[in-house]
Amino acid sequence: MKRANVILWIVLVLLTLLTFYSSEDIFSGTKLVLVLMSIVIIKFLGIGFQYVELKDAAPVWKVLFTGFILVFAVLVLVFT
Amino acid sequence: MIENTPVLNAEDKAYYPPGGLLIWIIVFLEFITFSAGIMVFLSFRQGDIELFNESQQMLNSTFGMVNTIVLITSGLLMATALGVLKSGNNKKAVFYISLTVLFGLVFLILKGFEYNEKMAMGLGFGYNQFFMFYWLLTGFHFIHVLVGVLLLTYMRYKTKSGFYSGSNYEDVETVGVFWHMCDLIWIFLFPIIYLLH
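Residues numbered from 1 in each chain as written. Chains lettered and ligands numbered in written order. Predicted model: local features only at pLDDT ≥ 70, side-chain atom pairs only at ≥ 80, totals over all residues. Heavy atoms only, no water.

Engineer: Can you help me understand the side chain of E114(B) in this one?
Structural biologist: Residue and element names in this part refer to chain B. Along the chain, E114 turns up in helix α5 (residues 90-120). With a relative accessible area of 0%, E114 lands in the buried category. Among the polar contacts listed, one links the side chain of E114 to the side chain of Y134, at a separation of 2.6 Å. The contacts of E114, once residues within four sequence positions are left out, are F63, Y134 and Y194. (Helix = DSSP H or I, 4+ residues; strand = E, 2+ residues; numbered from the N terminus. Buried < 20%, exposed > 50% of the residue type's maximum accessible area, 1.4 Å probe, protein only. Polar contact = N/O pair within 3.5 Å; in protein donor to acceptor, adjacent residues only side chain to side chain. Contact = heavy atoms within 4.5 Å.)

Below you can see the structure in the form of structure tokens.
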């Protein structure tokens, strides 16, 4: 296994636990939405760039992929 | 005179995303479809936040968290499977694809338990608006994971038979992108359905 992939896996698991516990006790309302969406963006880009290997793709694919999740996060903030 | 089939040169190929153009059209269409579903869910939620928050309390978010870790792990295994296949090690690739399938099955089984629990509590599709969206969005995702498991099982069989190798791995890469798509959709679906309150 590639070391970078394993490190990303550890980060993703930790972020998942953070997502879970931050919604249990720590945050609520708009702050919770901001925390959840920030973690979603990090996880989404981590998987896309490292596991799907978009880091080696043409810039247009990186822009489309990143653009999608940013627009999604903004829309979630607007709709909540 | 026989015409030559156009072949992409390295420069053209550099503009193609991993797995090919077609799978990425599908991926973006899926992203847009799920996003639209989520936005409709959120706008209905605005109409009756109390009902949505009360209904969400009936979900077992621990199931959702464990399933997130299961899918993340399967993503790591899929990336590793493709890496070893590209290096020409079919035996290891079969091993990692098998593990990916196994984690996919774990996801489906856990989801099955969760669905069974909800049905036993009478929280079906028509129970209220929240559960209508819960079944629609997670059910649609469940079908994608099921399709992914079936495709991966076929890739495992063909890799084991030697059809796919270090010089012929594009189909496995395409199925890999589909599998990661299931993971990516769950990454944004889980917090919104299970955790947002």
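Engineer: What is the right way to look at the interface of chain B and chain A in this model?
Structural biologist: With 42 residues of chain B at the contact, the number on the chain A side is 40 residues. Summing the contributions of chain B and of chain A, the shared interface buries around 3,600 Å²; its carbon and sulfur component is 81%. When the buried surface of chain B facing chain A is broken down by residue, M39(B), L76(B) and H197(B) rank first, second and third, together holding 16% of it. If you look at where chain B meets chain A, you find one salt bridge. One salt bridge connects E53(A) with K86(B), and the closest N-O pair in it is separated by 3.1 Å. Looking at the side of chain B that touches chain A, the elements with two or more residues in it are α2 (21-47), α4 (61-86) and α7 (170-195) of chain B. Among the elements that make up the side of chain B that touches chain A, the one with the highest residue count is α4(B) (13 residues). (Buried area = accessible area lost by both parts, 1.4 Å probe. Salt bridge = Lys/Arg side-chain N within 4 Å of Asp/Glu carboxyl O.)

Engineer: Would you take a moment to explain the packing of aromatic side chains for this structure?
Structural biologist: Here the distance between the centres and the angle between the planes together describe a pair of aromatic rings. All names here are of chain B. Across all of its chains, the model carries 36 aromatic pairs over all chains by this definition. When the ring of F131 is compared with that of Y134, the centres are 5.7 Å apart and the planes differ by 75°; the resulting orientation is edge-to-face. With F131 and Y134 both in helix α6 (residues 129-160) and three residues apart, the pair spans about one turn of that helix. For the residue pair F131 and Y134, the accessibility class agrees, reading buried in each case. Here Y134 and W135 contribute two aromatic rings whose centre-to-centre distance is 5.5 Å and whose plane-to-plane angle is 80°, an arrangement assigned as edge-to-face. Given a relative accessible area of 0%, Y134 falls into the buried group. The ring of F163 has K158 lying over it, and the distance from NZ or CZ to the ring centre is 4.2 Å. (Phe/Tyr/Trp six-rings, centres within 6.5 Å; stacked < 30°, edge-to-face > 60°. Lys NZ or Arg CZ within 6 Å of the ring centre and 35° of its normal.)

Engineer: Any chance you could explain the pattern of salt bridges here in plain terms?
Structural biologist: Close approach of charged atoms allows side chains with opposite charge to pair. Residue and element names in this part refer to chain B. Under the counting rule described, the total for this entry stands at five salt bridges over all chains. Residue E173 pairs with K86 through a salt bridge whose shortest N-O separation is 3.2 Å. Of the two residues, E173 sits in helix α7 while K86 sits in helix α4, which places them 87 residues apart along the sequence. Among the residues examined, K86 registers a relative accessible area of 30% and is labelled partly exposed. The closest approach of N and O atoms between K111 and E114, which form a salt bridge, is 2.9 Å. With K111 and E114 both in helix α5 and three residues apart, the pair spans about one turn of that helix. For the pair K111 and E114, a shared accessibility class is recorded, and that class is buried.

Engineer: Mind showing me how you'd approach the packing of α2(B) against α7(B) here?
Structural biologist: Two packed helices can be described by the angle between their axes and the distance between those axes. Residues and elements named next belong to chain B. Where α2 contacts α7, the axes come no closer than 10 Å and their chain directions differ by 10°. Relative to α7, the element α2 is oriented roughly parallel. Between α2, through I23, W24, V27, E30, F31, F34, I38, F41 and L42, and α7, the contact on the second element is made entirely by T174, V177, F178, M181, L184, I185, F188, L189, I192 and I193. (Axes fitted to C-alpha atoms, helices over the stretch in contact; angles between N-to-C directions. Parallel < 35°, antiparallel > 145°, perpendicular 65-115°, else oblique.)

Engineer: Help me understand the nonpolar core, please; the structure alone is not making it clear to me.
Structural biologist: Most often, soluble globular proteins keep nonpolar side chains buried together rather than apart. Residues F72(A), W24(B), F31(B) and F188(B) are the most contacted members of the largest nonpolar core, which totals 87 residues. Mapped by element, the contributors of at least two residues to this core are α1 (3-26), α2 (29-51) and α3 (59-79) of chain A together with α2, α4, α5, α6 and α7 of chain B. In terms of residues, this core owes the most to one element, α7(B), which gives 18 residues. What W24(B) contacts, discounting residues up to four positions off in sequence, is V52(A), L54(A), W61(A), F65(A), P17(B), P18(B) and V177(B). (Core = buried A, V, L, I, M, F, W, Y, C linked by side-chain atoms within 4.5 Å.)

Structural measurements only, silent on function.
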